[in-house]
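Examination of the molecular architecture
The chain contents come next:
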Amino acid sequence: MLAAIRFPDISNAITIPIFGWDLELRWYALAYIAGLVIGWRIIVGLMKRPDLWPGGVAPMEPKKVEDLLTAIILGVVLGGRFGYSLFYQPGYYLSNPLEILKVWEGGMSFHGGFLGVVVAGLWFCRRHGVPAMQLSDAMALVAPVGLFLGRIANFVNAELWGRPTTLPWGVIFPGEAAQDCPGIEPGLCARHPSQLYEAGLEGLLLGLVLFLLLKGGALRRPGLITGVFLLGYGLSRFLVELVRQADVQFITPDNPLGHVLDLGSFGLSMGQLLSLPMILAGLWFIRKARA
């Protein structure tokens, strides 16, 4: 552990004085806001480029993207919160349903947020007569931006860290839970910075792949960008889960790795289990788009 990296002294919020009142903004909230705004502006730019789309016709007018943004915000927040409640702590939230509404206390699921965005997007397409597959491609194209910012915010908040490691880039995260490592003195336990692994894979690498596909005319094949995004995210999340600390509610003395599906000498975490349908769906969309 001598080569480990101490967690930098970063505040998990910034304070802005407004008329004598301090407004506290947390990095996670700022990441959501920045990701949505950047994604909104990119999609507006895509709608102003009819040459990128099948038949030289953009799926909708740029001004309609503002309505899409509103639907996506609701989908992300409601889907992420309900997904976390259903996938990760169903017993607690079924017994305390009003706690689901307390989004400020934390607890969001990407897979739940993804389903919320799907529902919001389908509703928007039906209401405005927009081709669903083309809108899906546009949204998938900008998703890595939000994923990258969100994972960086997870790191700044010192949350969702990985399992203990002796690798030289292991990070000594603060907090009693992060330092609860069997056989290691508290204050010396280094863990995989799995948030940064995900930021690099789901954000930077996947975003670069999708950008290169865009430059190659992939939007003219409806479903291709969507398929590559689903496949890329699913694989990235599945791999990082191998070194990511499982949620505490899944960890028991007989199940220290927090597997929710026991396959004998191997097991799957909740994150891996939820990623498998995304991988399969991604392969299906890619095959359909290339047919």
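The present account deals with the structure reproduced in this document. (Residues numbered from 1 in each chain as written. Predicted model: local features only at pLDDT ≥ 70, side-chain atom pairs only at ≥ 80, totals over all residues. Heavy atoms only, no water.)

1. Here we look at the overall build of the chain
When helices and strands are tallied, the chain shows eight helices and six strands. When the helices and strands of the chain are placed in sequence order, the string is β-β-β-α-α-α-α-α-β-α-α-β-β-α. The C-alpha atoms of the chain give a radius of gyration of 20 Å, which matches the 19 Å a tight globule of 291 residues would have. For the chain, the C-alpha atoms occupy an extent of roughly 65 × 60 × 45 Å along the three principal directions. Summed over all atoms, the accessible surface of the chain reaches about 15700 Å², with 67% contributed by carbon and sulfur. Charge-centre separation for the chain: the mean point of 22 positive side chains lies 14 Å from the mean point of 20 negative side chains. (Helix = DSSP H or I, 4+ residues; strand = E, 2+ residues; numbered from the N terminus. Rg over C-alpha atoms; globule rule 2.2 N^0.38 Å. Areas by Shrake-Rupley, 256 points an atom, 1.4 Å probe, with all protein chains shown as cover. Lys, Arg positive; Asp, Glu negative; His and termini not counted. Charge placed at Lys NZ, Arg CZ, Asp CG, Glu CD.)

2. What to know about the pattern of salt bridges
With the rule as written, the count across this model stands at eight salt bridges. Its salt-bridge partner being Glu61, residue Lys63 comes within 3.7 Å of it at the nearest N-O pair. The exposure class assigned to Lys63 is exposed, which follows from its relative accessible area of 62%. Residue Arg237 pairs with Glu198 through a salt bridge whose shortest N-O separation is 4.0 Å. One end of the pair, Arg237, is in helix H7 (residues 224-240); the other, Glu198, is in helix H6 (residues 194-215), and 39 residues separate them in sequence. Residue Arg237 is classed as buried on the basis of its relative accessible area of 5%. Sharing partners across several salt bridges, the network here consists of Arg151, Glu198, Glu202, Arg237, Glu241 and Arg244. (Salt bridge = Lys/Arg side-chain N within 4 Å of Asp/Glu carboxyl O. Buried < 20%, exposed > 50% of the residue type's maximum accessible area, 1.4 Å probe, protein only.)

3. Notes on the nonpolar core
Soluble globular proteins tend to bury their nonpolar side chains together. Membership of the largest hydrophobic core comes to 40 residues, with the highest contact counts inside it found for Ile43 and Met60. Residue assignment for this core shows that the elements contributing at least two residues are helix H1 (27-47), helix H2 (65-87), helix H4 (110-128), helix H5 (132-156), H6, H7 and helix H8 (270-290). Within the second largest apolar cluster, eight residues are counted, among which are Phe87, Tyr88, Ile100 and Leu274. (Core = buried A, V, L, I, M, F, W, Y, C linked by side-chain atoms within 4.5 Å.)

4. Examining the packing of H4 against H8
Remark: H4 packs on H8, axes separated minimally by 10 Å, with the N-to-C direction vectors making an angle of 30 degrees. Put simply, H4 runs roughly parallel to H8. Facing H4, whose interface residues are Phe110, His111 and Phe114, H8 presents Gly271, Leu274, Ser275 and Met278. (Axes fitted to C-alpha atoms, helices over the stretch in contact; angles between N-to-C directions. Parallel < 35°, antiparallel > 145°, perpendicular 65-115°, else oblique. Contact = heavy atoms within 4.5 Å.)

5. Brief notes about the side chain of Gln179
Inspection of the secondary structure assignment puts Gln179 in the loop between strand S4 (171-172) and H6. A polar atom in the side chain of Gln179 sits 3.2 Å from the backbone nitrogen of Leu188. Excluding residues that lie within four positions of it along the chain, Gln179 makes contacts with Ile172, Phe173, Glu185, Pro186, Gly187, Leu188 and Cys189. (Polar contact = N/O pair within 3.5 Å; in protein donor to acceptor, adjacent residues only side chain to side chain.)

6. Examining a nonpolar patch on the surface
A cluster of nonpolar residues, Leu239, Leu242, Val260, Leu261, Leu263, Phe266, Leu273 and Leu276, forms a patch on the protein surface that exposes about 630 Å² of accessible area. Classification of Leu261 by relative accessible area gives partly exposed; the value is 34%. (Patch = residues over 30% accessible without salt bridge, like charges linked within 9 Å, V, L, I, M, F, W, Y side chains within 5 Å.)

7. Description of the state of the cysteines
Enumeration over the complete set of coordinates arrives at one disulfide. Shown here is the disulfide that connects Cys181 with Cys189, its sulfur atoms set 1.9 Å apart. One disulfide, between Cys181 and Cys189, carries an S-S torsion of -75 degrees and so falls in the left-handed class. According to the relative accessible area criterion, Cys181 is buried, its value standing at 5%. Since its relative accessible area comes to 0%, Cys189 is described here as buried. (Disulfide = S-S within 2.5 Å.)

8. Let's talk about H5
Relative to the 36 Å expected for 25 residues at 1.5 Å per residue, H5 spans 36 Å between its end C-alpha atoms, a close match to the ideal helical length. Of all the bends found along H5, the most pronounced is centred on Val142 and spans about 35 degrees, while Pro144, a proline, follows it within four residues. (Expected span 1.5 Å × (residues − 1). Bend = angle between axes of the 7 residues up to and from the residue.)

9. Side note on the packing of aromatic side chains
When we look at a pair of aromatic rings, we describe it by the centre distance and by the angle of the planes. For the structure shown, the criterion picks out five aromatic pairs. Ring centres 5.2 Å apart and planes at 75 degrees place the aromatic pair Trp284 and Phe285 in the edge-to-face group. Put simply, the rings of Phe7, Phe155 and Phe173 touch in pairs and so form one group of aromatic residues. Sitting above the plane of the Trp40 ring, Arg41 keeps its charged end 4.9 Å from the centroid. (Phe/Tyr/Trp six-rings, centres within 6.5 Å; stacked < 30°, edge-to-face > 60°. Lys NZ or Arg CZ within 6 Å of the ring centre and 35° of its normal.)

10. A closer look at the packing of H6 against H7
The relative placement of two packed helices comes down to the angle between their axes together with the axis-to-axis distance. Contact geometry of H6 with H7 gives a least axis separation of 10 Å together with a crossing angle of 160 degrees. Judged by the inter-axis angle, H6 sits roughly antiparallel to H7. Taken as a pair, H6 and H7 cross one another with a handedness that is right-handed. Residue-level contacts link Ser194, Tyr197, Glu198, Leu201, Glu202, Leu206, Val209, Leu210, Leu213 and Leu214 of H6 to Ile225, Val228, Phe229, Gly232, Tyr233, Ser236, Arg237 and Val240 of H7. (Left-handed = near helix turned anticlockwise from the far one by under 90°.)

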